[in-house]
Amino acid sequence: MSDKTALTPSTHTAPPAKFSHGVKKGNILQVAGQVGFLPAVEGQAPTPAGPTLREQTLQTFANVKAILEEGGATWDDVMMMRVYLTDTGHFAELNEIYNAYFEEQGLTAPAAARTTVYVGLPKGLLIEIDALAVLG
């Protein structure tokens, strides 16, 4: 059995509770729910990328991608993504941002499966995304 490894890229602070930003075991990599916090600055509390869905979504993608890369994965390795939105009115805008982002990424494999659900998040946060990747 292969070892389970926690993944914390340099852009991230230590998690606020007993969990990992990402975990890799064998060829499976699970990215924990990420939000649109800007890259970590030593001694400062996490800061959202901005007040808009676009700003937060693009930063959330960057945060997920950092963990994927830390574990040796790319967007092409992602099998499943879950998107958590705080407002049902953001669904169409999310799809526009999502489609444009992944068009720019130049995927060579089929797009990941995706589920979108509506949740409550801490004040000011509009979106959270987690991802499951399979390498090789």
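Residues numbered from 1 in each chain as written. Predicted model: local features only at pLDDT ≥ 70, side-chain atom pairs only at ≥ 80, totals over all residues. Heavy atoms only, no water.

A. Main features of the overall build of the protein. Counting its secondary structure elements, the protein contains 2 helices and 6 strands. Its C-alpha atoms give the protein a radius of gyration of 14 Å, within 12% of the compact-globule value 14 Å for 136 residues. Each principal axis of the C-alpha atoms in the protein carries an extent, and together these give about 45 × 40 × 25 Å. In the protein, which comprises 136 residues, the proportion classed as buried is 35%. Counting only carbon and sulfur atoms, one obtains 55% of the accessible surface of the protein, whose full area is about 7500 Å². (Helix = DSSP H or I, 4+ residues; strand = E, 2+ residues; numbered from the N terminus. Rg over C-alpha atoms; globule rule 2.2 N^0.38 Å. Buried < 20%, exposed > 50% of the residue type's maximum accessible area, 1.4 Å probe, protein only. Areas by Shrake-Rupley, 256 points an atom, 1.4 Å probe, with all protein chains shown as cover.)

B. Layout of the nonpolar core. In this structure, L29, F61, L68, W75 and M81 are the most contacted members of the largest nonpolar core, which totals 25 residues. When contributions to this core are tallied by element, the ones reaching two or more residues are β3 (28-35), α1 (53-70), β4 (78-85), α2 (91-105) and β6 (127-134). Beyond its immediate stretch of four places on either side in the chain, W75 contacts F61, V64, K65, L68, M81, Y101, F102, Q105 and L107. (Core = buried A, V, L, I, M, F, W, Y, C linked by side-chain atoms within 4.5 Å. Contact = heavy atoms within 4.5 Å.)

C. Quick look at the side chain of H21. By secondary structure assignment, the location of H21 is in the loop between β1 (4-7) and β2 (22-25). Given a relative accessible area of 9%, H21 falls into the buried group. A distance of 2.7 Å separates a polar atom in the side chain of H21 from the backbone oxygen of T13. H21 has contacts with L7, T8, H12, T13, A14, P15, Q30, V31, A32, Q34 and I67, leaving out every residue within four places of it along the chain. (Polar contact = N/O pair within 3.5 Å; in protein donor to acceptor, adjacent residues only side chain to side chain.)

D. Local environment of α2. In this model, α2 (15 residues) spans 21 Å end to end at C-alpha, consistent with the 21 Å of a helix rising 1.5 Å per residue. For α2, the full list of buried residues reads L94, I97, Y98, Y101 and F102. Along the long axis of α2, the arc covered by the buried residues comes to 120 degrees, so they all point the same way. In this structure, α2 carries E96, N99, E103 and E104 as exposed residues pointing more than 90 degrees from its buried face. Each element contacted by the buried residues of α2 is listed here: α1, β4, β5 (113-118) and β6. (Expected span 1.5 Å × (residues − 1). Arc of directions from axis to C-beta.)

E. Quick look at the pattern of salt bridges. Taken as a whole and judged by the stated rule, the model has 1 salt bridge. D130 is the partner of R82 in a salt bridge, and the nearest nitrogen-oxygen pair spans 3.0 Å. Here the residue R82 occupies a position in strand β4, and D130 occupies one in strand β6, the gap between them amounting to 48 residues. For R82, a relative accessible area of 27% puts it in the partly exposed group. On the basis of relative accessible area, D130 is assigned to the buried category, the value being 8%. (Salt bridge = Lys/Arg side-chain N within 4 Å of Asp/Glu carboxyl O.)

F. Representation of the side chain of N63. Following the sequence through the fold, N63 ends up in helix α1. According to the relative accessible area criterion, N63 is buried, its value standing at 5%.

G. Main features of the packing of aromatic side chains. Scanning all chains against the criterion turns up 8 aromatic pairs. Ring centres 4.3 Å apart and planes at 20 degrees place the aromatic pair F61 and Y101 in the stacked group. Of this pair, F61 sits in helix α1 while Y101 sits in helix α2, and the two are 40 residues apart along the sequence. For Y101, a relative accessible area of 9% gives the class buried. (Phe/Tyr/Trp six-rings, centres within 6.5 Å; stacked < 30°, edge-to-face > 60°.)

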